[in-house]
Amino acid sequence: MRFACIVNELRHFVGRCGLGAVMGSKNLKAVAVRGTGKVGVADPEGLKGLNRWFMDSYRENPDVSGLSRYGTAQYINSQNETCQLPTRNFTTGFFEGAGRLSAEAIKEEVFAYDYGCYVCPVKCKKAVKGGDLDPDYGGPEYEGLGALGSLCGVSDLKAVAKANEICNSAGMDVISAGVTVAFAMECFEKGLLGREDTGGLDLRFGNGEALVKALEMTADAEGVGRLLSQGVARAAEEIGGRAKELAMHVKGLETPLHDPRRKGSLALAYSLSPTGADHLQGEHDHPFSKKGLYLERLAPLGINKPLVPESLDQEKVRFFVLTQRWNSAGNCIGICNFARGPIRVLDLDKVAGYLKAVTGWDTSLEDLLTVGERAITMARLFNIREGFTASDDTLPERFFHHYEACGRVYGGVNREAFADALKRYYRLMGWDEEGVPEKKRLHELGIDEMATGECTSA
Ligand code: SF4
């Protein structure tokens, strides 16, 4: 199993990239921690004040109040209504059965209770029940509903919830699992896999029973499940022929449920993320396509003009560079994406305020952006050492082609604009034309000691 997660309390996951598989490969089964003392903070009163502010404010943020009420499932309908809900292995952006997977359908049919991470008041997660569903394993969120639902063409909510539960109980990443099954379904429909390969399973788009069975087999690496447990890149290699064209991944990581043909920033995020296709690498484009609250909250980064979602122009590259650094800093601090700006409740300056209250450090926004950039650059150096090159900064071929949805045609990512955007990104990051960080930038970032061998450009 290549996409095993690290799991705690049965339903909280360190997903993506198979970190659980890394633990398994080192014979590390679990890490148990027990504490007895208190964790000290630099300014307890300041922290209490910020927490009071958070409790008073989070419901006023339109996105966060929706997360509290519906969880990330709230995005299924909005993605579908704008014809960009990845469907049937990214062949279209509209799923006729999306309503059956919506947040409202979950509330009506299978909702058990709200839950969340330790002491978080937002409680954006929704456990599900009904039939043989076990709420102890939580419930499907947007990515799971998309990957196991629309991407596989399955609108049977109970089957999708069961598929999600199988992933959670086996510790499988739902995005990678769903994208891999959707890939296998397209291979089956195109004759690249037959019943002799699937053990008689009718692995067609829309077959919820086959989805559930395929995931059970994947968890046990049994029959066709052995192939699927390798993820799309390796499975496509093994199947051969045209299968590679249907494998949706970047650097071996299966693509999340957002279409870069509609979001230029996502085209950069997927291709440039050091960990492969990652939808949380930078901010998504649409909220910043018009004047209003979200754009105003980007002002501290010097971004004031509305963006064209599909564009890969100079402004978009700058937007991606800055929001990637900001998100990277958030990852270094360990702050939830659903809590911080520019979309969510914590403004950019509030994050620095929290950091100061906890650590006592006086950290400016500029300092945080440097921390973020340093982490991105170090990951780049790691990848170069492991053999990745600029040729890996790309997208699955399908994204360079148009798709049809809602009675119209949506263009593919423009290859020329994409290539120019990558070059511009390298320059802004202080990397050479081959995407190799230059010594001068490493010095500016305070990591001269990493300037070694083939990983660094003079
Ligand atoms: S910490 Fe984030 S993911 Fe966890 S419940 Fe709160 S908002 Fe949701």
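It should be emphasised that the depicted structure is a prediction, and the values quoted were computed from it without experimental measurement.

Student: Explain the domain arrangement of the chain to me, using residue names and the numbers behind them.
Tutor: Looking at the chain, the domain boundaries give domain 1 (68-254) and domain 2 (264-455). Using C-alpha coordinates to define each centre, domain 1 is positioned 27 Å away from domain 2. Counting the surface lost from both domain 1 and domain 2, the interface buries some 1,800 Å², and carbon and sulfur atoms represent 61% of this. Our count for the contact surface shared by domain 1 and domain 2 stands at 2 salt bridges. As a salt-bridge pair, Arg 398 and Glu 186 come within 2.7 Å of each other at their nearest N and O atoms. Summed over the shared surface of domain 1 and domain 2, the number is 8 residue pairs in polar contact (both at pLDDT 80 or more). Of all the elements in the fold, those that place two or more residues in the side of domain 1 that touches domain 2 are helix H8 (174-189), strand E5 (249-250) and strand E6 (253-254). Looking at the side of domain 1 that touches domain 2, its residues break down into 11 nonpolar, 8 polar and 5 charged.

Student: An account of the site of the ligand is needed here, citing residue identities and associated values.
Tutor: In the vicinity of the ligand, the contacting residues are Gly 116, Cys 117, Cys 120, Val 122, Cys 124, Lys 125, Cys 336 and Phe 338. Partitioning the shell around the ligand into residue classes produces 6 nonpolar, 1 polar and 1 charged.

Student: Report on the layout of surface pockets, specifying residues and quantitative values.
Tutor: The volume enclosed by the second largest pocket comes to roughly 380 Å³. What lines the second largest pocket is a set of 13 residues, among which Ile 6, Val 7, Met 23, Lys 29 and Ala 30 lie closest to the centre. Every element with two or more residues in the lining of the second largest pocket is listed here: strand E1 (6-8) and helix H1 (19-25). Looking at side-chain class alone, the lining of the second largest pocket contains 9 nonpolar, 3 polar and 1 charged residues.

Student: Describe unusual backbone geometry, naming the residues involved and giving the relevant values.
Tutor: Of note, the amide linkage connecting Gly 341 to Pro 342 takes the cis form, showing an omega dihedral of 10°. Even without being a glycine, Arg 16 presents a positive backbone phi close to 70°. Here Arg 16 lies in the loop between strand E2 (12-14) and H1. Backbone geometry at Lys 123 places phi at a positive 45°, although glycine is not the residue there. Relative to the helices and strands, Lys 123 is located in the loop between strand E3 (111-115) and strand E4 (125-128).

Student: An account of the packing of aromatic side chains is requested, with residue identities and associated values reported.
Tutor: Scanning the entire structure with this criterion turns up 10 aromatic pairs. When the ring of Tyr 113 is compared with that of Tyr 115, the centres are 6.5 Å apart and the planes differ by 65°; the resulting orientation is edge-to-face. On the accessibility criterion, Tyr 113 (33% relative accessible area) is partly exposed. Residue classification places Tyr 115 among the buried positions, given a relative accessible area of 6%. Summarising the aromatic geometry, the rings of Phe 288 and Phe 319 are spaced 5.3 Å apart at their centres and angled 55° between planes, so their arrangement reads as tilted. Highlighted residues: Phe 288 in the loop between helix H14 (264-272) and helix H15 (293-296) and Phe 319 in helix H16 (residues 314-333), separated in sequence by 31 residues.

Student: How would you explain the pairing of E4 if you had to name every residue and give the values?
Tutor: Burial of the side chains of E4 extends over both faces: Lys 125 and Ala 127 are buried on one face and Lys 126 and Val 128 on the other. With 4 bridges connecting them, E3 and E4 associate as antiparallel partners. When the sheet's bridge partners are listed, Tyr 115 is paired in E4 with Lys 125.

Student: Which residues make up the environment of Leu 203, and what values do they have?
Tutor: Structurally, Leu 203 is set in the loop between helix H9 (195-198) and helix H10 (208-219). The residues touching Leu 203, leaving out its near neighbours within four places in the chain, are Ala 184, Met 185, Phe 188, Thr 198, Ala 210 and Ala 214.

Student: Give me the lowdown on the packing of H8 against helix H12 (residues 231-239), citing residues and values where you can.
Tutor: Between H8 and H12, the least distance of the axes is 9 Å, while the angle of their chain directions is 25°. With respect to H12, the element H8 is oriented roughly parallel. Both H8 and H12 take part in a crossing whose hand is right-handed. Residues Val 179, Thr 180, Phe 183 and Cys 187 of H8 form the contact with H12, whose participating residues are Gly 231, Val 232, Ala 235, Ala 236 and Ile 239. The residue inventory of the contact of H8 with H12, partitioned by class, reads 7 nonpolar, 2 polar and no charged.

Each value, and the rule that gives it
Residues numbered from 1 in each chain as written. Predicted model: local features only at pLDDT ≥ 70, side-chain atom pairs only at ≥ 80, totals over all residues. Heavy atoms only, no water. Domains from an automatic or database assignment. Buried area = accessible area lost by both parts, 1.4 Å probe. Salt bridge = Lys/Arg side-chain N within 4 Å of Asp/Glu carboxyl O. Polar contact = N/O pair within 3.5 Å; in protein donor to acceptor, adjacent residues only side chain to side chain. Helix = DSSP H or I, 4+ residues; strand = E, 2+ residues; numbered from the N terminus. Nonpolar A, V, L, I, M, F, W, Y, C, P; charged D, E, K, R; others polar. Near = heavy atom within 4 Å. 1 Å grid on protein atoms, 1.4 Å probe; cavity = no way out; pocket = protein on both sides within 12 Å on 5 of 7 lines; lining within 4 Å. Points joined across faces, edges and corners; volume = space filled by probe spheres on them. Phe/Tyr/Trp six-rings, centres within 6.5 Å; stacked < 30°, edge-to-face > 60°. Buried < 20%, exposed > 50% of the residue type's maximum accessible area, 1.4 Å probe, protein only. Pairing = 2+ DSSP bridges. Contact = heavy atoms within 4.5 Å. Axes fitted to C-alpha atoms, helices over the stretch in contact; angles between N-to-C directions. Parallel < 35°, antiparallel > 145°, perpendicular 65-115°, else oblique. Left-handed = near helix turned anticlockwise from the far one by under 90°.

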